[in-house]
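As a plain string of letters, each chain reads:
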Amino acid sequence: MQYRVLGKTTYNVSTVSFGAWAIGGTWGQTNDDESLAALNRAIDLGVNFIDTADVYGDGKSERLVAALRKSRKDPIFVATKAGRRLNPHTADGYNRSNLTAFVERSLRNLETDSLDLLQLHCPPTDAYYRPDVFGELDDLKQAGKIRHYGVSVERVEEALKAISYPNVASVQIIYNVFRQRPAELFFREARANNVGILARLPLSSGLLSGKMSRASTFDADDHRSFNRNGEAFDRGETFSGIDFETALDAVEELRPLVPSGMTMAQFALRWILMRPEVTCVIPGAKRPSQVDDNCAAADLPELSSKTLDAIQALYRDRIRPLVHAYW
Ligand SMILES: NC(=O)c1ccc[n+]([C@@H]2O[C@H](COP(=O)([O-])OP(=O)(O)OC[C@H]3O[C@@H](n4cnc5c(N)ncnc54)[C@H](OP(=O)(O)O)[C@@H]3O)[C@@H](O)[C@H]2O)c1
């Protein structure tokens, strides 16, 4: 495993970390024993950072992570998120009493006195234009309820606005072979402001593992079945917002570029980690075998410039028109 410092938190975190959405819910059938086995395997392989949220399985993901932490001596940093319990989900809802209540609930679920990192959970764009929201986070930090705070964003412009607040320690954003705009301006600005970057959807909801085909089916309670057009939340969170069949064709074009000895998932993760501005990838994993596959990406050799150029050409010709202007 390799480690990089997560911006202003100063946490030295594993470059391949763990995304704990799928083990909470909305990804079809999961089994808690298998989820805990996946978490434990990650820790065995040197992972020391887990991303969760209060809404993943309505707290189930946080509680699984708490069980893991209780059973292990290893230091494990946990980032959670707040805001998505709001209904309706409005910028006004990001007020002191709601944020405090969400934090108190996460503290209970995670069985801790202070959250390592609290992220705003893709709030409406307007929330980034309200200094009071960030003032409330400063107060929670001052009170010792959270150690650091950051944001999880949908759009590049939200990330740029968020890092104008001096105590934003990290930004979580979709960055993968199919979502490259963050690298244009945001990465430079994040680095200049000492802001850590968590790359989510590193496998584009599993697509970039190369295991899917037109015959793939998903359970009714899997967002890959019910959110392809943004029916439940931002459509960009499912397959990076690219229609499934177009993405499958692009995956087939990527396949011959994968160096021998690398799985396609490792290739996708290694590509992200080529960027030093990215602190870590947070692939979701439901079982130990996926963790094995993903963690190995941390120690693989760099991709060649010829391979990088071929990926850029694919992005430019096939993917860019579908995503670049939208997020
Ligand atoms: N708004 C937000 O803040 C937000 C939104 C989305 C995600 N996130 C965070 O980012 C994390 C990562 O994103 P994500 O989980 O949406 O997408 P992802 O990491 O691109 O895809 C994860 C899924 O891919 C499959 N998979 C994982 N490793 C694999 C491997 N080696 N081979 C084959 N399949 C593999 C698994 O599902 P199957 O086995 O079922 O295919 C897994 O659940 C989340 O867990 C969450 O912590 C945050």
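This report concerns the structure included in the present document. (Residues numbered from 1 in each chain as written. Predicted model: local features only at pLDDT ≥ 70, side-chain atom pairs only at ≥ 80, totals over all residues. Heavy atoms only, no water.)

What about helix α3 (residues 96-110)?
Move 1: Here α3 is 15 residues long and its end C-alpha atoms lie 21 Å apart, about the 21 Å a rise of 1.5 Å per residue gives.
Move 2: Looking one or two residues beyond α3, the residue adopting positive phi is Glu 111, at roughly 50°. (Helix = DSSP H or I, 4+ residues; strand = E, 2+ residues; numbered from the N terminus. Expected span 1.5 Å × (residues − 1).)

Considering the state of the cysteines
Two cysteines form a disulfide when their sulfur atoms are joined by a covalent bond.
Move 1: The final tally for this structure, using the stated rule, is 0 disulfides.
Move 2: With no disulfide of its own, Cys 280 has Cys 295 as its nearest cysteine by sulfur position, at a separation of 11 Å.
Move 3: Overall, the relative accessible area of 0% leaves Cys 280 in the buried class. (Disulfide = S-S within 2.5 Å. Buried < 20%, exposed > 50% of the residue type's maximum accessible area, 1.4 Å probe, protein only.)

Observations concerning the packing of helix α1 (residues 32-44) against helix α10 (residues 288-295)
Move 1: The contact between α1 and α10 brings their axes to 8 Å, and the two run at 25°. In terms of orientation, α1 and α10 fall into the roughly parallel class. Seen along the crossing, α1 lies across α10 with a hand that is right-handed. Together, Glu 34, Ala 37, Ala 38, Arg 41 and Ala 42 of α1 and Pro 288, Val 291 and Asp 292 of α10 make up the contact between the two elements.
Move 2: Residue classes in the contact of α1 with α10 are distributed as 5 nonpolar, no polar and 3 charged. (Axes fitted to C-alpha atoms, helices over the stretch in contact; angles between N-to-C directions. Parallel < 35°, antiparallel > 145°, perpendicular 65-115°, else oblique. Left-handed = near helix turned anticlockwise from the far one by under 90°. Contact = heavy atoms within 4.5 Å. Nonpolar A, V, L, I, M, F, W, Y, C, P; charged D, E, K, R; others polar.)

Some details on the pattern of salt bridges
As a working rule, side chains carrying opposite charge can pair if their charged atoms are close by.
Move 1: Counted according to the given criterion, the structure contains 25 salt bridges.
Move 2: We note a salt bridge from Glu 252 to Arg 255, for which the minimum N-O separation is 2.8 Å.
Move 3: Between Arg 275 and Glu 277 there is a salt bridge; the shortest N-O distance is 2.9 Å.
Move 4: Relative accessible area serves as the criterion here: at 15%, Glu 277 is assigned to the buried category.
Move 5: A cluster of three or more residues bridged by salt bridges with shared partners is formed by Asp 44, Arg 72 and Asp 74. (Salt bridge = Lys/Arg side-chain N within 4 Å of Asp/Glu carboxyl O.)

Points about unusual backbone geometry
Move 1: Of the consecutive residues Asn 87 and Pro 88, the connecting peptide bond is found in the cis state with omega at 5°.
Move 2: Phi at Asn 194 takes a positive value of approximately 55°, unusual for a residue other than glycine.
Move 3: Mapped onto the elements of the fold, Asn 194 is located in the loop between α6 (186-192) and β9 (196-200).
Move 4: Accessibility expressed as a relative area gives 44% for Asn 194, which makes it partly exposed.

Brief notes about the packing of α1 against helix α2 (residues 60-71)
Move 1: Between α1 and α2, the least distance of the axes is 10 Å, while the angle of their chain directions is 50°. Comparing their axes, α2 and α1 come out oblique. Helix-helix and strand crossings are classified by hand; for α1 and α2 the assignment is right-handed. Taking contact as the criterion, the partners of Asp 32, Ser 35, Leu 36, Leu 39, Asn 40 and Ile 43 in α1 are, on α2, Lys 60, Leu 64, Ala 67, Leu 68 and Ser 71.
Move 2: Class assignment for the residues of the contact of α1 with α2 results in 6 nonpolar, 3 polar and 2 charged.

Overview of the packing of aromatic side chains
Move 1: Tallying each qualifying case throughout the model produces 13 aromatic pairs.
Move 2: Consider the rings of Trp 21 and Tyr 56, whose centres lie 5.7 Å apart with planes at 20°: the pair is stacked. Within this pair, whereas Trp 21 is found in the loop between β3 (18-19) and α1, its partner Tyr 56 is found in the loop between β4 (49-51) and α2, the two being separated by 35 residues in sequence.
Move 3: Looking at Tyr 56, the relative accessible area reads 9%, which means it is buried.
Move 4: What links up through ring pairs into an aromatic cluster is the set Trp 21, Trp 27, Tyr 56, Phe 226 and Phe 233.
Move 5: When the ring centre of Phe 244 is taken as origin, the NZ or CZ atom of Arg 228, which lies over that ring, is 4.5 Å away. (Phe/Tyr/Trp six-rings, centres within 6.5 Å; stacked < 30°, edge-to-face > 60°. Lys NZ or Arg CZ within 6 Å of the ring centre and 35° of its normal.)

Some points on the nonpolar core
Move 1: The biggest cluster of nonpolar side chains holds 91 residues, and the ones touching the most others in it are Phe 18, Phe 134, Phe 178 and Phe 186.
Move 2: At 8 residues, helix α9 (residues 264-273) tops the list of elements feeding residues into this core.
Move 3: Setting aside chain neighbours within four positions, we find Phe 178 in contact with Ser 204, Leu 207, Leu 208, Ser 240, Ile 242, Ala 247, Ala 250, Val 251, Leu 254, Tyr 315, Ile 319 and Val 323.
Move 4: Of all hydrophobic cores here, the second largest spans 9 residues; its members include Leu 6, Tyr 11, Ala 79 and Ile 282. (Core = buried A, V, L, I, M, F, W, Y, C linked by side-chain atoms within 4.5 Å.)

Overview of helix α8 (residues 244-254)
Move 1: Along α8, the residues that are buried comprise Phe 244, Ala 247, Leu 248, Ala 250, Val 251 and Leu 254. Projected down its long axis, α8 shows its buried positions confined to an angular sector of 165°, all on one face.
Move 2: Those residues of α8 that are buried lie in contact with α9 and α11 (305-323). (Arc of directions from axis to C-beta.)

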